[in-house]
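Spelled out, the chains give:
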Amino acid sequence: MKILFIAALGMLSLIQTPSALAENLNGKTLYVQRCAVCHGAEIKGTGPLANKSNPPTPDLTSAAFKKRLKDYPGVIVSSVILRPNGDLIPKTLKENGVKIAPYAWRVKDFRDLNQYMSEVILKNR
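Quick caveat, the model's predicted, so the values are computed rather than measured. (Residues numbered from 1 in each chain as written. Predicted model: local features only at pLDDT ≥ 70, side-chain atom pairs only at ≥ 80, totals over all residues. Heavy atoms only, no water.)

1. Some points on the overall build of the chain
What counts is decided by this rule: To qualify as a helix, a DSSP run of H or I must reach at least 4 residues; to qualify as a strand, a run of E must reach at least 2; elements of each kind are numbered from the N terminus. Buried means the residue's accessible area, taken with a 1.4 Å probe over protein chains only, is under 20% of the maximum for its type, while exposed means over 50%, and partly exposed covers the values in between. For every accessible area listed, the method is Shrake-Rupley and the probe measures 1.4 Å; residues are considered covered only by the protein chains on display.
Looking only at helices and strands, one finds seven helices and zero strands in the chain. Ordered by position in the sequence, the α and β elements of the chain form the string α-α-α-α-α-α-α. Classification of the 125 residues of the chain by burial places 30% in the buried group. If you sum the accessible surface of the chain, you get close to 8600 Å²; carbon and sulfur atoms cover 62% of it.

If you want it as structure tokens, here you go:
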């Protein structure tokens, strides 16, 4: 019976996703679906629409952005998504025929996206 219980726990640990990994997957999914078209897979401003916006999409692995991300965690990501630049993101998408469905952002999404981007940026040192 004890062996069966241990085996069942082992199977459950393989099936369940740790919460940190699940959050990271949410951040990665959001980034790939909503940000990579401009910022590229490596967050360096190399996506297909990177040079089609005015100003061009910034390299988010730059020292200046890393400092802003560290000083204001989550604020930078949420402020960009909430459009402090006015119509820049929707305008760039529209002018280039890219349709990204509206999304009802949650605080958790901002945190997950910030975490994912921070991890990618740290890997690109």
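2. Thoughts on the pattern of salt bridges
We count it as follows: By definition here, a salt bridge exists when the distance from a side-chain nitrogen of Lys or Arg to a carboxyl oxygen of Asp or Glu is within 4 Å.
Summed over all chains, the structure comprises four salt bridges. One salt bridge in this structure joins Asp71 and Lys67, with 2.6 Å as the shortest N-O distance. With Asp71 and Lys67 both in helix α4 (residues 63-71), this residue pair falls four residues apart, about one helical turn. We note a salt bridge from Glu95 to Lys91, for which the minimum N-O separation is 3.9 Å. Within this pair, Glu95 and its partner Lys91 are both found in helix α6 (residues 88-95), separated by four residues, close to a single helical turn.

3. Thoughts on the packing of aromatic side chains
The line we're drawing: Aromatic contacts are taken between Phe, Tyr and Trp rings whose centres are within 6.5 Å, Trp giving its six-membered ring; a plane angle under 30 degrees counts as stacked, one over 60 as edge-to-face, and the others as tilted.
Within this structure, the stated rule accounts for three aromatic pairs. Arranged with centres 5.0 Å apart and planes meeting at 75°, the rings of Tyr103 and Trp105 form a pair that is edge-to-face. Here Trp105 falls in the partly exposed class, since its relative accessible area comes to 23%. Three or more aromatic residues link up through ring pairs in this structure, and these residues are Tyr103, Trp105 and Phe110.

4. Focus: the confidence of the model for the chain
Quick note on the threshold: Looking at any residue, its pLDDT shows the predictor's confidence there, from 0 to 100. Contacts: residue pairs with any heavy atoms within 4.5 Å of one another.
Residues at a pLDDT of 70 or more form 76% of the chain, whose mean pLDDT is 78. Taken element by element, the chain is modelled with least confidence in helix α1 (residues 2-15), mean pLDDT 46, and with most confidence in helix α3 (residues 36-39), mean pLDDT 93. When the criterion is pLDDT under 50, residues 4-17 qualifies, and its contacts beyond four places in sequence or with other chains add up to one contact.

5. Things to note about the side chain of Thr61
Basically, it comes down to this: Contacts described as polar in this section are N or O atom pairs within 3.5 Å, which, within protein, must combine one atom able to donate a hydrogen with one able to accept it, while residues neighboring in sequence count only if both atoms come from side chains.
Among the structural elements, Thr61 can be located in the loop between α3 and α4. Here Asp59 takes part through its side chain, which lies 2.5 Å from a polar atom of the side chain of Thr61. Here Thr61 is in contact with Glu42, Ile43, Lys44, Lys66, Ile121 and Asn124, once residues within four sequence places are set aside.

6. Considering the side chain of Asp112
On the secondary structure map, Asp112 appears in helix α7 (residues 107-123). Only 2.6 Å separates the side chain of Asp112 from the side chain of Lys108, close enough to count as a polar contact.

7. Structural notes on the packing of α4 against α7
Convention followed: Convention adopted: a line fitted to C-alpha atoms gives each axis, helices being fitted over their contacting stretch, and angles between N-to-C directions are expressed from 0 to 180 degrees. Roughly parallel refers to an angle under 35 degrees, roughly antiparallel to one over 145, roughly perpendicular to one between 65 and 115, and oblique to any angle outside these ranges. Handedness of a helix crossing follows the sense of rotation of the near helix relative to the far helix, less than a right angle counterclockwise being left-handed and clockwise being right-handed. In this classification, the charged set is Asp, Glu, Lys and Arg, the nonpolar set is Ala, Val, Leu, Ile, Met, Phe, Trp, Tyr, Cys and Pro, and all remaining amino acids, among them Gly, are polar.
Running from N to C, α4 and α7 cross one another at 140°; their axes reach a closest spacing of 11 Å. With respect to each other, α4 and α7 are oriented oblique. Two packed elements cross with a definite hand, and for α4 against α7 that hand is left-handed. Contacts between α4 and α7 involve Phe65, Lys66 and Leu69 on the former and, on the latter, Asn114, Met117, Ser118 and Ile121. Per-class residue counts for the contact of α4 with α7 are four nonpolar, two polar and one charged.

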